[in-house]
Amino acid sequence: MGTTNNEESTSQTQKLPPGVVLGPDGKPCKVCTAFRHWKPLKNMTTPKAAATTTTTTTKGPVNSQHTIDPISASLAIASAIPPIIDLPRPDNCPPDVEQLGRATWSFLHTTAAYYPERADPTQARHMYSLLSALPTLYPCSHCASHLGECMKRNPPDVSGRAALSRWLCERHNEVNVRLGKPSFDCNKTDERWKDGPLDGSCD
Ligand SMILES: Cc1cc2nc3c(=O)[nH]c(=O)nc-3n(C[C@H](O)[C@H](O)[C@H](O)COP(=O)(O)OP(=O)(O)OC[C@H]3O[C@@H](n4cnc5c(N)ncnc54)[C@H](O)[C@@H]3O)c2cc1C
């Protein structure tokens, strides 16, 4: 059999824009990447660009060249094209890593905030199943894989509302730290996700 286009292309080293995340298949992963990083990738016009950029993979940020397939190669960016910052993102776009993350954290923290003070065995089992499924099912693959590692080190505490809220807050803080964001005060999870601020501005 002859050499396929894919085989030819994988011998090329290509550059990706900063922030673009590769999925498990080695291709740029849309739901793993923020829209502001994805959009410049889609605007790329030069398939054989070659420069050094920082790209994040499932194993974290790397500063290197990557071998990618023809689809990815066709998306490769010329280093001369600067990243497009703060592009307006149409409301009907599929979620990017940030929108999906905000929605998921909202769901998880709110569910924990309304979880029983003392979960019965059925509630605890369901909650454990819900959380345990995330490392397998969460669409952002590198997020899911990090979460799975964190959950191995710190299994979910599904005994009741307070413990679960704290456990989630700590897992969320692990992501915050990894992304260079400030840690959230885990004493304020009820205020943020159930009761609202003391000034009554959300009442
Ligand atoms: C399981 C999971 C793993 C993720 N992994 C990655 C990843 O590896 N890489 C990546 O780029 N993105 C990841 N994300 C997305 C990321 O966490 C953010 O959701 C995204 O960057 C948007 O951030 P944000 O600043 O808008 O607020 P978010 O971090 O989404 O937080 C939403 C709101 O929650 C509140 N909050 C913040 N921290 C806490 C906390 N510790 N406890 C309680 N409330 C809090 C704040 O009020 C904040 O405004 C992950 C999301 C999830 C659900």
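Residues numbered from 1 in each chain as written. Predicted model: local features only at pLDDT ≥ 70, side-chain atom pairs only at ≥ 80, totals over all residues. Heavy atoms only, no water.

As named in an unreviewed UniProt entry, the protein chain is Sulfhydryl oxidase, taken from Clathrus columnatus. In the Catalytic activity (unreviewed entry) part of its UniProt record, the protein chain is described as follows: "2 R'C(R)SH + O2 = R'C(R)S-S(R)CR' + H2O2". (UniProt positions renumbered as here; feature names shortened; annotations may be inferred.)

Draft legend 1. How the structure looks around the state of the cysteines. Under the counting rule described, the total for this entry stands at three disulfides. Each sulfur in the disulfide pair Cys140 and Cys143 lies 2.2 Å from the other. Judged by the sign of its S-S torsion, about 70°, the cystine formed by Cys140 and Cys143 is right-handed. One disulfide in the model links Cys169 with Cys186; its S-S distance is 2.0 Å. Its torsion about the S-S bond being -90°, the disulfide of Cys169 and Cys186 is classed as left-handed. Of this pair, Cys169 sits in helix 7 (residues 161-178) while Cys186 sits in the loop between helix 7 and helix 8 (189-195), placing them 17 residues apart in sequence. By relative accessible area, which is 11% here, Cys186 ends up buried. What links to what in the protein chain: the bonded cysteines, counted in sequence order, pair as 1-2, 3-4, 5-6. (Disulfide = S-S within 2.5 Å. Helix = DSSP H or I, 4+ residues; strand = E, 2+ residues; numbered from the N terminus. Buried < 20%, exposed > 50% of the residue type's maximum accessible area, 1.4 Å probe, protein only.)

Draft legend 2. The site of the ligand, seen in detail. Taken together, the neighbourhood of the ligand is formed by 23 residues, with Arg102, His172, Arg178, Lys181 and Arg192 sitting nearest. Within the contact set of the ligand, an oxygen atom lies 2.6 Å away from a side-chain nitrogen or oxygen of Lys181. In the complex, the protein chains occlude 85% of the 960 Å² of accessible area that the ligand would expose alone. Taking a 2 Å distance to the grid points as the criterion, the majority of the atoms of the ligand fall inside the largest pocket. Partitioning the shell around the ligand into residue classes produces ten nonpolar, eight polar and five charged. (Near = heavy atom within 4 Å. Polar contact = N/O pair within 3.5 Å; in protein donor to acceptor, adjacent residues only side chain to side chain. Areas by Shrake-Rupley, 256 points an atom, 1.4 Å probe, with all protein chains shown as cover. 1 Å grid on protein atoms, 1.4 Å probe; cavity = no way out; pocket = protein on both sides within 12 Å on 5 of 7 lines; lining within 4 Å. Sits in = over half its atoms within 2 Å of the grid points. Nonpolar A, V, L, I, M, F, W, Y, C, P; charged D, E, K, R; others polar.)

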